[in-house]
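# Geometric and topological summary
Each chain, letter by letter, is given below.
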Number of protein chains: 4
Amino acid sequence: MTAPKKVVLAYSGGLDTSIILKWLQTEYGCEVVTFTADLGQGEELEPARQKALLLGIKEENIHIIDLREEFVRDFVFPMFRANAVYEGQYLLGTSIARPLISKYLVELAQKSGADAVAHGATGKGNDQVRFELGVAALDPAIKTIAPWRLWDLTSRTKLLEFAEANQIPIAKDKRGEAPFSVDANLLHTSSEGRVLENPADEFPEYVLQRVVPVEQAPDEAEMVEITFEKGDAVAINGEAMSPATILTKLNELGGKHGVGVLDLVENRFVGMKSRGVYETPGGTILLEAHRGIEQITLDSGAGHLKDSIMPRYAELIYNGFWFSPEREALQALIDKTQEHVSGTVRVKLYKGSARTVARWSEHSLYSEKHVTFEEDAGAYDQRDAAGFIHLNALRLKLVATRNARVAKKD
Amino acid sequence: MTAPKKVVLAYSGGLDTSIILKWLQTEYGCEVVTFTADLGQGEELEPARQKALLLGIKEENIHIIDLREEFVRDFVFPMFRANAVYEGQYLLGTSIARPLISKYLVELAQKSGADAVAHGATGKGNDQVRFELGVAALDPAIKTIAPWRLWDLTSRTKLLEFAEANQIPIAKDKRGEAPFSVDANLLHTSSEGRVLENPADEFPEYVLQRVVPVEQAPDEAEMVEITFEKGDAVAINGEAMSPATILTKLNELGGKHGVGVLDLVENRFVGMKSRGVYETPGGTILLEAHRGIEQITLDSGAGHLKDSIMPRYAELIYNGFWFSPEREALQALIDKTQEHVSGTVRVKLYKGSARTVARWSEHSLYSEKHVTFEEDAGAYDQRDAAGFIHLNALRLKLVATRNARVAKKD
Amino acid sequence: MTAPKKVVLAYSGGLDTSIILKWLQTEYGCEVVTFTADLGQGEELEPARQKALLLGIKEENIHIIDLREEFVRDFVFPMFRANAVYEGQYLLGTSIARPLISKYLVELAQKSGADAVAHGATGKGNDQVRFELGVAALDPAIKTIAPWRLWDLTSRTKLLEFAEANQIPIAKDKRGEAPFSVDANLLHTSSEGRVLENPADEFPEYVLQRVVPVEQAPDEAEMVEITFEKGDAVAINGEAMSPATILTKLNELGGKHGVGVLDLVENRFVGMKSRGVYETPGGTILLEAHRGIEQITLDSGAGHLKDSIMPRYAELIYNGFWFSPEREALQALIDKTQEHVSGTVRVKLYKGSARTVARWSEHSLYSEKHVTFEEDAGAYDQRDAAGFIHLNALRLKLVATRNARVAKKD
Amino acid sequence: MTAPKKVVLAYSGGLDTSIILKWLQTEYGCEVVTFTADLGQGEELEPARQKALLLGIKEENIHIIDLREEFVRDFVFPMFRANAVYEGQYLLGTSIARPLISKYLVELAQKSGADAVAHGATGKGNDQVRFELGVAALDPAIKTIAPWRLWDLTSRTKLLEFAEANQIPIAKDKRGEAPFSVDANLLHTSSEGRVLENPADEFPEYVLQRVVPVEQAPDEAEMVEITFEKGDAVAINGEAMSPATILTKLNELGGKHGVGVLDLVENRFVGMKSRGVYETPGGTILLEAHRGIEQITLDSGAGHLKDSIMPRYAELIYNGFWFSPEREALQALIDKTQEHVSGTVRVKLYKGSARTVARWSEHSLYSEKHVTFEEDAGAYDQRDAAGFIHLNALRLKLVATRNARVAKKD
């Protein structure tokens, strides 16, 4: 690879990406542009600016951007239309944030004339794949630099030595190893590594960061009503809100009631299993509510179709193929099914669970007239069921007759 | 249809099937054989014998059979190997019991020389389909009679008049309408109809029959360890147990902790939506634990394949196609994946939730050596990830290049 | 069912539908509106008008409509975007015409104030389902009457007696039984029944109606170039043509060269197997060419996704669910993949086969630079393959290691 | 990588693998074991022994093994049970041979104490992936060496220089570049590269090696009858034969009649499109015949299920995942469906096409009694169709009613 001249770095302001920043400068002698995204991770971002300035980045090369609304509107909500869960349980909180970061890395590279972008993901995880597939799909001319796969700073000690040698300030609590590694955004907080590495050990309670342990949740249940339009949440308890505001509000509610903690061993795209603890308070409520509103507004044909392609859709997002022709084609299918997914769901939050308890909609397909145990005034003719069953049974009868005939001969 | 000469009736001993028994006798002048199955519904079955005798059934024509072990071993467990859930949420508690009843109806008909079987399911529901497809698949020569689709006893009043006219004893509490309709077996209790018919109304607490309301569950969490062999639970807290004993024990635990209540609007096979409240305490724990053991013992290729066909598998069971070539073919696939799904899972039960908190197995595929954040002694070469990503990205780059080229021309 | 007052009848002008016309009048005393569609079946339709007048239909109640362009543009072409084949072989020529007829039956009913529609399909086939599901989906208030399922004209003799008793003219060649039954439209001709009923007998050559027997096809091959835009054929041999003109032209070419004959035993939706002989000359060429243009313009991710849902899509069309939420959702997916399916394919026609021999496009994703056996100037780094393989192999190695470890213990 | 001590090389005896042999010796100073498989590629293999001896391989390290029966019985036939075609057209002739070679490479390595295997596939193709995934799955301890990805012999000139410098005999016709590259085995011959690289150019006739150009095929059609048992061909024209004999015989017949030539642009697993010309004469007949026997013996439920998973199954084989848990699980499903796929099919071969014209079986599900246009003596009650349609229509009516209601409000 020829050395890059100008690199846009996904920069958190933390120690690791600061080391990367310096390493890019020293290794390639290149200009560095920093990009720090507010995805709702709940950290102050202005310190990243100071840190970047300190490391010699020019004012005009520092970009701190609030992406919370775009994140929820264009990434989280489309994904939730699909009821996407990876391997039956994971709500894809990290996976769905990566393509948005790739999008801005590429846009900033194009605007600033950079020929490369860089990220701080390691060579063992999924995030490197997600970042790099995103960049490849959006601008194949831009190179991606993944320092963790390139450098020889392969131990904590070497990293700290590099930092000291390069006057990178090291916060006191970063001297030692963190007991686990964290990623956070408006949809979730994930924790993995070190104390969590043995899946036979229960995770220690101090791992939890945004959801209270269930035992500490209030003794009183709380109801929340979520209103949907075409598959997207648009209001909470009757009050219209922006996408990011809705997710923020649901996070507060879910966090308070201990909702959305998942302890999972999952299969990474790169071929190994890993154990993570995920906190997705608002997302867990949202998924439950979305299913609740689909229950009454979505036709079974469309619903079963969606269910059947969901695992593939979730896998694509997990593996980093958000910006791929097949994810976009699946999205077209999913979005088509959501045209009438509008109405309101009441969810009960209580000590770790979020359960739909009521749902209503002007778009409802539920017909009390048809389903009732009472007289239905001719809405449904029970005798039709005989014909329905007879024709569904016909091929089964032909199979049974054939099998018996053949068995007799043998 | 020519009148049947001898009919095996799925007989609960309750008012409705007693009316059917009498109706069969009077309508067709046929001999009736009664079949009462113990599927763990939790009712005394001997009274059904007395009732049948009272209605003129000969001693040798009365069959009361304990099917609990067969039910769990040959129906519930195979289904749970698939992590089957219908429409994302329903654990198929009623659906999975029906084919077993069909199997015994057919066997008793063959043994007793009956030319027909009869059931008490109405013409609006799924159960009629499940019973009749089962019978058709097992013996196409046997007719099925569904009195609810045939007679003119179309109101409660008419039914009671018929009962009185035929000296069928009517329990006091059956004089009025039940506020909802119930089906129960070892896997679940379902409630539907009447007070539950409006999905915008929360279900009243008195609907619950085997699970305590979450607020009344103990304030202390309880741990349970479930051991699996080839996908099936074989022990609880280290103690080996038979299939039915395991499910019974899990039901006790789940019921006590408020686990496994589902309020759902689902799509029936016959085309309408219906609302049900399901209590599946043991099944909910079992599903969680099975997923937990698969997390560490199942390869991602097999796991994702299973996930992708699961919705179809669940739909087949829901629709009544247990005894179909395609369910059997899917079962062969699923069973093949379970050869190493062995090990133990610890599940935490607390106020309505059942969560995997630890899992371990001699069959584990989890490799701490590969996933560790620490030095991995060469287990994994991070540079491999570059090639992996580059080739996964290649087609995306070709697409992006093509799209840009075409856009420029336009 | 209450008797209909005014019925729109799908009327071919032939003997059977003339009998139905008269039967509707006599059975219900209702007004009849006739609808005769030109779908390219290759028959004169004006005689249907005379026939209808003769049977007492009012001038303003007779509708003969040329639907060829709409048929190909809105039904055939969208279906071919999916490369839809039922059970691996059938190009759905009859299935795709039925929803269009339903659409016009409903529109004419709505315009003329009719409360019912009627069709001449029997109770054993798929067409009744397709007609009636179409009508139900488009206007649930309109009843469908299927005389073949209702009347007692259950033999040829009774039909002819009814015709004679009602002064319905009977063409000489209709006195006897036709040796097989035919359906035709611009996409195909299907033949089934009677001489074709034994699938162990080869079909007699006289069954073929629009395709010459392969032995009689020209000894010289012929090339045809088909140009596509966004998945639809728009030109033949460089000449732009309307959809119906394109299909007509391809039918001529295919018919001349013996292309597109299929002898099939298929599974009907109503549960039985049936044997048909299908002639789809133009459609067979179109499918081959569409695959040919997709080969170079469609990304593998989108292509494999399409392939995976195609069987379901074809089944929906076969079963009569064109106007269903799930078919529309799948269509959205398919159409999304076709945005760049533009370019030209050369197909060689010769004695029964149609084979792509060349294809080119400005939208091509084929990169000679990448694939070449020659020096590729760095387009592709072969060393990337090592990493790609290593990570794809990782889980397989972990499985093999686990299996060996467990086997050793046993 | 530490240098291997002993390497089993997949050795054809040709120039390229002879160069690899020598390169392994000189690069690593390792002992080389040669493995030459007879997969029906139609070449003399004994010269490979002489060549190997000449290059200094010890007699006991030279293995020439006839794998034709194992190839067809354990790889080709199981795959054909699935009707596997990749991207709608390719019969996977190369893909299916690779895992068998991997199996023997591993077995020979284990027996001879080798620590590595080597193959002659380049870094651009699928075969490297197939070889190496196979080895990884069968023995993760064995390394695979892919010289084409490692050495600097990156041009024809350098290769020839290396050959000359190392006394490797060069056949005269190998001095120049071959106009295209060939792979062959009992299932197919594939050609790609160089003169075939532009997909807009028709392939020259001289590319064909085992199938005559259609114009040169006999003017008389020929019939062949193939008998199946449980999905596998067991006899031709009534004569029982071994698997490899059957495929050999079908190859002769197909080759003579111009059957089974495919000109395709396909998507490689490594991300690029490539163009190939495939000759699969026997396989094309076999696929047609297998579909023919399934038409009458396979239930639609099982058949549609098979169709729906086939694309995934074919993709797995194409991508090299034969020895993977998911391929094995899919195989279990497929094999389960084949229990009654027994009977005989007559296929007509004529100038490039192979068409089923008749099929019969004691396992047939075809019921003339049900399907007949004549009186069916009550086998089928046409009135059942009304109920069948009404219940299938119910949800469509509910959707239409809802949509109309909502539209009115807007």
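Residues numbered from 1 in each chain as written. Chains lettered and ligands numbered in written order. Predicted model: local features only at pLDDT ≥ 70, side-chain atom pairs only at ≥ 80, totals over all residues. Heavy atoms only, no water.

- For chain A, an unreviewed UniProt entry supplies the name Argininosuccinate synthase and the organism Falsigemmobacter intermedius.
- Under the UniProt heading Subcellular location (unreviewed entry), the entry covering chain A gives this text: "Cytoplasm".
- As its UniProt record puts it under Catalytic activity (unreviewed entry), chain A is described as follows: "L-citrulline + L-aspartate + ATP = 2-(N(omega)-L-arginino)succinate + AMP + diphosphate + H(+)". (UniProt positions renumbered as here; feature names shortened; annotations may be inferred.)

## Some details on the overall build of chain A
- When its secondary structure is counted, chain A shows 13 helices and 14 strands.
- Residue burial in chain A is summarised as follows: out of 410 residues, 66% are buried.
- Contacts spanning at least 24 positions in sequence make up 73% of the contacts within chain A whose residues lie at least 6 apart.
- Of the roughly 14,400 Å² of accessible surface on chain A, 49% is carried by carbon and sulfur atoms.
- Within chain A, the 59 negative side-chain charges are centred at a point lying 5 Å from the centre of the 47 positive side-chain charges. (Helix = DSSP H or I, 4+ residues; strand = E, 2+ residues; numbered from the N terminus. Buried < 20%, exposed > 50% of the residue type's maximum accessible area, 1.4 Å probe, protein only. Contact = heavy atoms within 4.5 Å. Areas by Shrake-Rupley, 256 points an atom, 1.4 Å probe, with all protein chains shown as cover. Lys, Arg positive; Asp, Glu negative; His and termini not counted. Charge placed at Lys NZ, Arg CZ, Asp CG, Glu CD.)

## Observations regarding the UniProt feature "binding site: L-aspartate" (unreviewed entry) in chain A
Residue and element names in this part refer to chain A.
- Within this numbering scheme, the UniProt entry marks T122, N126 and D127 as carrying the feature "binding site: L-aspartate" (unreviewed entry).
- From its side chain, T122 meets the backbone nitrogen of K124 in a polar contact 3.2 Å long.
- With respect to the element layout, N126 can be found in the loop between β4 (116-118) and α5 (127-138). (Polar contact = N/O pair within 3.5 Å; in protein donor to acceptor, adjacent residues only side chain to side chain.)

## Observations concerning the interface of chain D and chain B
- Contact with chain D, which involves 21 residues of that partner, is made by 21 residues of chain B.
- For the pairing of chain D and chain B, the buried interface totals around 1,700 Å² over both sides, and the portion due to carbon and sulfur atoms is 77%.
- Taken together, chain D and chain B are joined by zero salt bridges.
- Applying the counting rule to chain D against chain B returns zero residue pairs in polar contact (both at pLDDT 80 or more).
- Only α10 (300-319), α11 (325-337) and α13 (384-409) of chain D provide two or more residues apiece to the side of chain D that touches chain B.
- With nine residues, the single largest contributor to the side of chain D that touches chain B is α11(D).
- Considering only residue class, the side of chain D that touches chain B consists of 13 nonpolar, three polar and five charged. (Buried area = accessible area lost by both parts, 1.4 Å probe. Salt bridge = Lys/Arg side-chain N within 4 Å of Asp/Glu carboxyl O. Nonpolar A, V, L, I, M, F, W, Y, C, P; charged D, E, K, R; others polar.)

## Details of the relation of the copies chain D and chain B
- Taken as rigid bodies, chain D and chain B are interconverted by a rotation of 180° and an axial shift of 0.0 Å, the fit giving an RMSD of 0.0 Å. Taken together, these values place the two copies in the relation of a two-fold axis. If distances are taken from each C-alpha of chain D to the rotation axis, the shortest is found for D:L333, at 2.4 Å. (Least-squares fit on C-alpha atoms with pLDDT ≥ 70 in both.)

## Describing the UniProt feature "binding site: ATP" (unreviewed entry) in chain A
All names here are of chain A.
- As recorded in UniProt, the feature "binding site: ATP" (unreviewed entry) lies at A10, Y11, S12, G13, G14, L15, D16, T17, S18, A37 and G120.
- Relative to the helices and strands, L15 is located in helix α1 (residues 15-28).
- Relative accessible area serves as the criterion here: at 8%, L15 is assigned to the buried category.
- Ignoring any residue separated from it by four or fewer positions in sequence, one finds L15 in contact with K51, R156, L160, A163, I168, P169, I170 and K174.
- Mapped onto the fold, A37 is located in strand β2 (residues 31-38).
- On the basis of relative accessibility, which here comes to 10%, the residue A37 falls in the buried class.
- With residues up to four places along the chain from it excluded, the contact list for A37 reads L45, I65 and L67.

## Details of the interface of chain C and chain D
- Taken together, the contact pairs 98 residues of chain C with 98 residues of chain D.
- Between chain C and chain D the total buried area reaches about 8,700 Å² when both faces are included, carbon and sulfur atoms providing 54% of it.
- In this structure, the connection of chain C to chain D is made through eight salt bridges.
- The partner of C:R395 in a salt bridge is D:E326, and the shortest N-O contact between them spans 2.5 Å.
- Put simply, chain C and chain D have 38 residue pairs in polar contact (both at pLDDT 80 or more) between them.
- Along the lines of polarity and charge, the residues of the side of chain C that touches chain D split into 41 nonpolar, 23 polar and 34 charged.

## Quick notes on the relation of the copies chain C and chain D
- Expressed as a screw transformation, the operator carrying chain C onto chain D has a rotation angle of 180° and an axial translation of 0.0 Å, and the superposed copies differ by an RMSD of 0.0 Å.
- Both copies share a contact surface, since 100% of the interface residues of chain C are interface residues in chain D too.

## So, helix α7 (residues 156-165) of chain C
Residues and elements named next belong to chain C.
- Among the residues making up α7, those that are buried are L159, L160, F162 and A163. Along α7, the residues classed as buried sweep out an arc of 160° about the axis, all on the same side. Of the exposed residues in α7, those oriented more than 90 degrees away from the buried face are T157 and A165.
- On its buried face, α7 sits against α1 (15-28) and α6 (147-150).
- Q167 sits one or two positions beyond α7 and adopts a positive phi of about 55°. (Arc of directions from axis to C-beta.)

## Concerning the confidence of the model for chain A
- Summary statistics for chain A give a mean pLDDT of 95 and a share of 100% for residues scoring 70 or more.
- Here the complex is predicted with pTM 0.97, and the ipTM for its interfaces comes to 0.96. (pLDDT = per-residue confidence, 0-100.)

## Considerations on the sheet that holds strand β14 (residues 353-360) of chain C
All names here are of chain C.
- The five strands are arranged β10-β9-β8-β13-β14 in an open sheet whose pairing can be described as antiparallel. Of all strands in the sheet, those bounded by a partner on one side alone are β10 (239-240) and β14.
- Where strand β8 (residues 222-229) lies against strand β9 (residues 232-236), four bridges are found, and the strand directions are antiparallel. In the strand pairing of β9, F228 is matched with A233.
- Together, β8, β9 and β13 (343-350) form the strand contacts of helix α8 (residues 243-256), whose direction differs from that of β9 by roughly 70°.
- Across the sheet, helix α9 (residues 281-297) touches β8, β9, β13 and β14, and the angle it forms with β14 is around 30°. (Pairing = 2+ DSSP bridges. Axes fitted to C-alpha atoms, helices over the stretch in contact; angles between N-to-C directions.)

## Points about the pairing of strand β9 (residues 232-236) of chain A
Residue and element names in this part refer to chain A.
- Within β9, four of the five residues are buried, leaving the element largely enclosed by the surrounding structure.
- Two successive antiparallel strands, strand β8 (residues 222-229) and β9, enclose a turn made up of two residues, where K230 displays a positive phi of approximately 50°.
- Alignment of β9 against strand β10 (residues 239-240), held across two bridges, turns out to be antiparallel. Directly across from A235, in β10, lies its bridge partner A240.

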